[in-house]
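Structural features, examined
These are the residues of each chain, in order.
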Amino acid sequence: MGFCIGCSSEGKVKRDKPESTDLTAVNVNEIVLGVSSKSLDLTKYSAVPNEQTADEKNTQYFEELQITTDDDGVVTLIKGIVGPGTRVNVNDSQPLSISEVVEKLGSNYNEYWFDREQNIKAYTYYDEIQKIYATFATFDDNLIWLILNE
């Protein structure tokens, strides 16, 4: 089962707002929303050839993650696959299951099928203060990727 790094999942991120959860300590490889992409060292990631990606404005695709910025170069979306070269960090831990995420962030999330055919569930948290979403995708309780977006 692969992570479709070039696919748009924006329509699958559930936008119903559960009770607010502090997401300030949620990131992918220490990359957070709102930073300038110019401050990031992206040379350590494996670029995906253009013919294998969707043509989304201001988006960079790597085997490990995808980063989208606004026109000023500020990071507005991060998609990170859980695996070699990518660390999902939640409150100073690196959870590998949704159970571990819920232990750290609590149960204020929306749970839904991200892709029923592939048995992928999603758990979306919302931070009302930062106005950001964190969507954790799982397969049999194991984390497979994290999407952080505004």
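My aim in this report is to walk through the structure given alongside it, one point at a time. (Residues numbered from 1 in each chain as written. Predicted model: local features only at pLDDT ≥ 70, side-chain atom pairs only at ≥ 80, totals over all residues. Heavy atoms only, no water.)

1. As for the overall build of the chain
Let me state the cut-off plainly: Secondary structure elements are defined from DSSP: runs of H or I of at least 4 residues count as helices, runs of E of at least 2 residues count as strands, and each element is numbered from the N terminus. The rule is simple: take the accessible area with a 1.4 Å probe, protein chains only, and divide by the maximum for that residue type; under 20% is buried, over 50% is exposed, in between is partly exposed. What makes two residues a contact is simply this: any of their non-hydrogen atoms within 4.5 Å. We get accessible surface area from the Shrake-Rupley algorithm with a probe of 1.4 Å; when it comes to residues, only the shown protein chains can shield them.
When you go through the chain residue by residue, the secondary structure sums to 1 helix and 9 strands. Written out in order from the N terminus, the α and β elements of the chain read β-β-β-β-β-α-β-β-β-β. Burial statistics for the chain: of 150 residues in total, 47% are counted as buried. When contacts within the chain are restricted to residue pairs at least 6 apart in sequence, those whose partners lie at least 24 apart make up 56%. With an accessible surface of roughly 7,900 Å², the chain has 45% of that area assigned to carbon and sulfur atoms.

2. Structural notes on helix 1 (residues 98-105)
What counts is decided by this rule: This arc is taken over the directions from the axis of the helix to the C-beta atoms.
Among the residues of helix 1, those classed as buried are Ile98, Val101 and Leu105. Buried residues in helix 1, looked at end-on, bunch into an arc of 55°, giving them a common side.

3. Topic: the pattern of salt bridges
Threshold: Salt bridge, as applied in this entry: a Lys or Arg side-chain nitrogen positioned within 4 Å of an Asp or Glu carboxyl oxygen.
Under the counting rule described, the total for this entry stands at 2 salt bridges. Residue lysine 57 is joined to aspartate 71 by a salt bridge in which the shortest nitrogen-to-oxygen separation is 3.1 Å. One end of the pair, lysine 57, is in the loop between strand 1 (26-28) and strand 2 (59-61); the other, aspartate 71, is in the loop between strand 3 (65-69) and strand 4 (75-81), and 14 residues separate them in sequence. Two residues, glutamate 111 and lysine 121, come together in a salt bridge whose shortest N-O distance is 3.0 Å. Placement of glutamate 111 in strand 6 (residues 110-115) and of lysine 121 in strand 7 (residues 120-127) is noted, with a sequence separation of 10 residues between them. The class of glutamate 111 is partly exposed, set by a relative accessible area of 39%.

4. Some details on the pairing of strand 8 (residues 132-139)
Counted only if it meets this: A pair of strands is considered paired only if DSSP assigns at least 2 bridges between the two.
For strand 8, the buried fraction is high: 7 of the 8 residues fall into the buried class. As paired strands, strand 7 and strand 8 are joined by 8 bridges and run antiparallel to one another. In the sheet register, alanine 122 faces strand 8, and the bridge partner there is alanine 137. As defined by bridge partners, strand 8 adjoins strand 9 (residues 142-149) across 7 bridges and the pair is classed as antiparallel. Looking across to strand 9, one finds that phenylalanine 136 is bridged to leucine 146. Taken together, strand 8 and the strand that follows it, strand 9, pair antiparallel across an intervening segment of 2 residues, in which aspartate 140 is found at a positive phi of about 50°.

5. Remarks on the nonpolar core
Put simply, the rule reads: Buried Ala, Val, Leu, Ile, Met, Phe, Trp, Tyr and Cys residues that are joined via side-chain atoms within 4.5 Å together make up what is termed a nonpolar core.
By size, the foremost hydrophobic cluster in this structure holds 25 residues, and its most contacted members are Val26, Leu105, Phe136 and Leu146. Among the secondary structure elements, those contributing two or more residues to this core are strand 1, strand 3, strand 4, strand 5 (88-90), helix 1, strand 7, strand 8 and strand 9. By size, the runner-up hydrophobic cluster in this structure holds 8 residues, among which are Tyr112, Phe114, Ile144 and Ile147.

6. Here we look at the packing of aromatic side chains
Here is the rule: Centres within 6.5 Å make a pair out of two Phe, Tyr or Trp rings, where for Trp the six-membered ring is used; the pair is then stacked when the planes are under 30 degrees apart, edge-to-face when over 60, and tilted otherwise.
On inspection of all chains with the given rule, the structure shows 6 aromatic pairs. Between the aromatic rings of tyrosine 109 and tyrosine 123, the centroid separation amounts to 5.3 Å while the plane-to-plane angle is 70°, which identifies the pairing as edge-to-face. Residue tyrosine 109 is found in the loop between helix 1 and strand 6, and its partner tyrosine 123 is found in strand 7; the two are separated by 14 residues along the sequence. On the accessibility criterion, tyrosine 123 (9% relative accessible area) is buried.

By themselves, these are just geometric observations and shouldn't be taken as functional.
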